[in-house]
Amino acid sequence: LSQLKDPEFPIYEVIDGEEIGLISSGLVVVTSAPKSGKSALIAYIMSKVCTGQPLWGKFQTRQTSVLYLDLEQGPTFAKKRWEKIFAIKDLNDAPETIHLQFVWDRMDDGGLDQLKEALQDEPQIGIVVIDTLGDFWPTKMSGDGNAYNKEQFVMGEIVKLIDQFNITLILVHHDNKAATKTTELMKRGGGTYAIVGKAQTVINVQRSQNDV
């Protein structure tokens, strides 16, 4: 037990001299309905973490390198988003502490091994973002029985990676369409409970109908 590491908080608030984490080490699952702004939100947060800047004037960040797999929107739109976030004209001028990838193999097609190699080659990476989980999810799942058991197997492989490298891994994930009206957070993530059940932190992003 003495060899077990305490959780770390790359984003935290200090209250009465105590650090209260917003996001912890381990697995973080961020869900919302499509086109609700979750990807833009996480990208903005990671821009602060990789540069060690405060977040919203309230939260402190521990600077660390970030590997961001921005897979859903395509390289052209992703490039424009990141240039806007960092207020730069060319993505080549982005901080060296952000490692952006717009193309990545699926988990069962070499993607998991690619992640392991990247983390071995760049040990300073403390956070990995997979945006979205659906673009990384294996086309063929292992595991016996029903969908829950199969998703348990896949998530178990992801958790092994987190434990091996002691990182924060953020999975950006879509809401379950059948549960978009539920008030129960753990039911909103797509798939079975196996995905959100493995997480140390679950964040659901909801957009007001009045937002533009």
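Residues numbered from 1 in each chain as written. Predicted model: local features only at pLDDT ≥ 70, side-chain atom pairs only at ≥ 80, totals over all residues. Heavy atoms only, no water.

## Quick word on the packing of aromatic side chains
What describes a pair of aromatic rings is the distance from one ring centre to the other and the angle between the planes of the rings. Basically, it comes down to this: Classification of ring pairs rests on two measures: the distance between centres of Phe, Tyr or Trp rings, Trp counted by its six-membered ring, which must be within 6.5 Å, and the angle between planes, read as stacked under 30 degrees, edge-to-face over 60 and tilted in between. Secondary structure elements follow DSSP: runs of H or I no shorter than four residues count as helices, runs of E no shorter than two count as strands, and numbering proceeds from the N terminus. Using a 1.4 Å probe on the protein chains alone, a residue whose accessible area is under 20% of its type maximum counts as buried, one over 50% counts as exposed, and one in between counts as partly exposed.
This model, assessed by the stated rule, comprises three aromatic pairs. For the pair tyrosine 68 and tryptophan 82, a centre-to-centre distance of 5.0 Å together with 80° between the ring planes defines the contact as edge-to-face. In this pair, tyrosine 68 sits in strand β5 (residues 65–70) while tryptophan 82 sits in helix α2 (residues 75–86), placing the two residues 14 residues apart along the sequence. Each member of the pair tyrosine 68 and tryptophan 82 is classed as buried. Each ring, one from tryptophan 82 and one from phenylalanine 86, has its centre 5.9 Å from the other, and the planes form 25°; the classification is stacked. In this pair, tryptophan 82 and phenylalanine 86 both sit in helix α2, four residues apart, roughly one turn of the helix. When sorted by exposure, tryptophan 82 lands in the same class as phenylalanine 86, which is buried. Feature note: the residues Tyr68, Trp82 and Phe86 constitute an aromatic cluster, connected by ring pairs.

## Some words on the sheet that holds strand β4 (residues 60–61)
As a reminder, the rule being used: Paired strands are those between which DSSP finds at least two bridges.
The strand order β2-β1-β4 describes an open sheet built from three strands, whose pairing is antiparallel. Either end of the sheet is taken by a strand with one partner, and the two such strands are β2 (18–23) and β4. One ladder, built from five bridges, connects strand β1 (residues 11–15) with β2; its direction is antiparallel. Following the sheet pairing, tyrosine 12 is matched in β2 by glycine 21.

## What about the pattern of salt bridges?
Heads up, the rule is: We count a salt bridge whenever a side-chain nitrogen from Lys or Arg sits within 4 Å of a carboxyl oxygen from Asp or Glu.
Here the structure, examined in full by the defined rule, presents three salt bridges. A salt bridge links arginine 62 to glutamate 19; the shortest N-O distance between them is 2.7 Å. Residue arginine 62 is located in the loop between β4 and β5, and its partner glutamate 19 is located in strand β2; the two are separated by 43 residues in the primary sequence. Accessibility expressed as a relative area gives 36% for arginine 62, which makes it partly exposed. Given the relative accessible area of 36%, glutamate 19 is considered partly exposed. We note a salt bridge from glutamate 83 to lysine 79, for which the minimum N-O separation is 2.5 Å.

## Examining the environment of threonine 61
Operational definition: Two N or O atoms form a polar contact when they lie within 3.5 Å of each other; inside protein one atom must be a possible hydrogen donor and the other a possible acceptor, and for residues adjacent in sequence the pair counts only when both atoms belong to side chains.
When you line up the elements, threonine 61 lands in strand β4. Of the polar contacts made by the side chain of threonine 61, one reaches the backbone oxygen of glutamine 53; its length is 2.9 Å.

## Some words on the confidence of the model for the chain
Under the convention used in this document: Known as pLDDT, the predictor's per-residue confidence is scaled from 0 to 100. Two residues qualify as a contact provided that any one of their heavy atoms is within 4.5 Å of a heavy atom in the partner residue.
Of the residues in the chain, 85% reach a pLDDT of 70 or more, and the chain-wide mean stands at 87. Note on residues 182–190: pLDDT under 50 across the span, and 30 contacts to partners over four residues away in sequence or across chains.

## Some points on α2
The line we're drawing: Under the convention used throughout, the expected extent of a helix is 1.5 Å for every residue step, that is, one less than its residue count. Arc definition: directions from the helix axis to the C-beta atoms.
Here α2 is twelve residues long and its end C-alpha atoms lie 16 Å apart, about the 16 Å a rise of 1.5 Å per residue gives. If you check which residues of α2 are buried, you get Ala78, Trp82, Glu83 and Phe86. Taken around the axis of α2, the buried residues stretch over an arc of 130°, which confines them to a single face. In α2, the exposed residues that point more than 90 degrees away from the buried face are Thr76, Phe77, Lys80 and Lys84. Where α2 is buried, its residues meet α1 (38–49), β5 and β6 (98–101). Following α2 by one or two positions, alanine 87 adopts a phi angle in the positive range, close to 55°.

## Some remarks on the sheet that holds strand β7 (residues 125–131)
The condition is simple: Only C-alpha atoms enter the line fits that serve as axes; for helices the fit covers just the stretch in contact. Angles between N-to-C directions range over 0 to 180 degrees.
Taking strand neighbours across the sheet as the criterion, the six strands line up as β6-β5-β7-β8-β3-β9 in an open arrangement whose pairing is parallel. The open sheet has two edge strands with one neighbour each: β6 and β9 (201–204). Within the sheet, the average angular offset between the axes of one strand and its neighbour, ignoring direction, is 15°. Two strands pair when backbone bridges link them, and β5 and β6 are joined in this way by four bridges, in the parallel orientation. Following the sheet pairing, valine 66 is matched in β6 by isoleucine 98. With respect to the sheet, α2 is in contact with β5 and β6, its orientation differing from that of β5 by roughly 145°.

## Considering the side chain of threonine 201
Tracing the sequence through the fold places threonine 201 in strand β9. We classify threonine 201 as buried; its relative accessible area is 13%. Once residues within four sequence positions are removed from consideration, threonine 201 is found in contact with Leu22, Ser24, Leu27, Val28 and Val29.

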